[in-house]
Amino acid sequence: MATRAMLGVLRKHSIASRIASNYKLLSTLVLAEHEGGSITASSVSAVEAAKSLSEDNSVSILLAGSGTSLKEAAEHAASCHPSVSQVLMSDSDKLSHALAEPWARLIHLVQQKGSYSHIIAASGSFGKNILPRAAALLDVSPITDVIEISGSHQFVRPIYAGNALCTVRYTGSDPCMLTIRSTSFPVAPISDNARSDAAPIFQVDLSTFDEDARGKSRYVKQSSQNTERPDLGNARVVVTGGRGLKSAENFKMIEKLAEKLGAAVGATRAAVDAGFVPNDLQVGQTGKIVAPELYIAFGVSGAIQHLAGIRDSKVIVAVNKDADAPIFQVADYGLVGDLFEVIPELIQKLPEKK
């Protein structure tokens, strides 16, 4: 009888332990990128993704850098989303540029103090650069390009250039580290009341941060185009040119049309490799993933790697003189014609952007 009673107690304890582990409170650290005193839209999408993990999830935003722009970005982050519980600010000259080595050491330090269950970053150049190195320091395997969160440890990500979806269940130790596609986690407009309830901002203690550790990369310079066009990753309208434009001079037609439409400019890998435009305009599997309301492609054949970056677009319009181009298989509207005749006619007939 005593043995049976003891077994019953052990079973109850085992069941209680499993229930407790299933309902463990989650805490998520979002790695945020900031520019010009504000965190980027993709970082806000990472917060939105963190909210999808659990209703009781405590979300912290980690920012790093130096100077007034960091402080302004922290203030913006504190009110960027109602799910944000706190903002952690790491102010150091060694963190002024988003290099993988110092950022990975910073994440390791913050994780040791905070013991977060999840660490999330947007799947852009910032997150892809930093998160894998931080995961190696923390001895965990990251899950990349998540487009859907089915549970606290179950995720959906595309494979085979987006032709198939894979459901992944994370069974490793904490933290569970993710990069998410920002286009899959759109952020709803924030009410004025939510903006007024700003989260507290705390300074990260960097007294034990090994700033002087020799890294294998160094910051050289940052080149950016001075343009009033919207950001490619978040634009409502994107106009993309491919190899069919034949030269950098001809690609200016795409830029002129984009100005008329108030659109962002994109390019295929072939156009970038040919030197028509810089590589930060590349759209596709190895470039930027976009999901605009309107995507217009001129002279784009429709390689599978390019299609992987535009699948979430609401409406796709393709113009190509080759009627058999693969781009027409995914386009909502297609025009078989010479882009050197179509683009000038569009520019002429479209009104100037107000």
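Please refer to the structure placed before this passage.
This section reports on the structure supplied with the text. (Residues numbered from 1 in each chain as written. Predicted model: local features only at pLDDT ≥ 70, side-chain atom pairs only at ≥ 80, totals over all residues. Heavy atoms only, no water.)

**Some words on the environment of Q222**
So, step 1. Inspection of the secondary structure assignment puts Q222 in the loop between β12 (201–203) and β13 (237–241).
So, step 2. Residue class for Q222 comes out exposed when judged on its relative accessible area of 62%.
So, step 3. Taking the C-alpha atoms as reference points, Q222 and H97, separated by 125 residues in sequence, lie 9.7 Å from one another. (Helix = DSSP H or I, 4+ residues; strand = E, 2+ residues; numbered from the N terminus. Buried < 20%, exposed > 50% of the residue type's maximum accessible area, 1.4 Å probe, protein only.)

**Looking at the packing of helix α7 (residues 248–261) against helix α11 (residues 339–349)**
So, step 1. Axis separation between α7 and α11 bottoms out at 10 Å; the angle between their running directions is 30°. On the basis of the axis angle, α7 is roughly parallel to α11. Both α7 and α11 take part in a crossing whose hand is left-handed. When α7 is examined against α11, the residues N250, M253, I254, K256, L257 and K260 are found in contact with a partner set consisting of L339, F340, I343, P344, L346 and I347. (Axes fitted to C-alpha atoms, helices over the stretch in contact; angles between N-to-C directions. Parallel < 35°, antiparallel > 145°, perpendicular 65-115°, else oblique. Left-handed = near helix turned anticlockwise from the far one by under 90°. Contact = heavy atoms within 4.5 Å.)

**Section: the side chain of H81**
So, step 1. On the secondary structure map, H81 appears in the loop between α3 (68–78) and β5 (84–91).
So, step 2. In this structure the side chain of H81 is engaged in a polar contact, spanning 2.6 Å, whose partner is the side chain of E48.
So, step 3. There is a polar contact of 3.0 Å between the side chain of H81 and the backbone nitrogen of S83. (Polar contact = N/O pair within 3.5 Å; in protein donor to acceptor, adjacent residues only side chain to side chain.)

**Description of the sheet that holds strand β9 (residues 154–159)**
So, step 1. With respect to topology, 3 strands assemble into an open sheet ordered β8-β9-β10, the strand pairing being antiparallel. At either margin of the open sheet sits one strand with a lone partner, and together these are β8 (148–151) and β10 (164–169). Across the sheet, the axes of successive neighbouring strands diverge by a mean angle of 30°, strand direction being ignored.
So, step 2. Across 6 bridges, the pairing between β9 and β10 is antiparallel. Opposite R157, over in β10, you have C166 as the bridge partner. (Pairing = 2+ DSSP bridges.)

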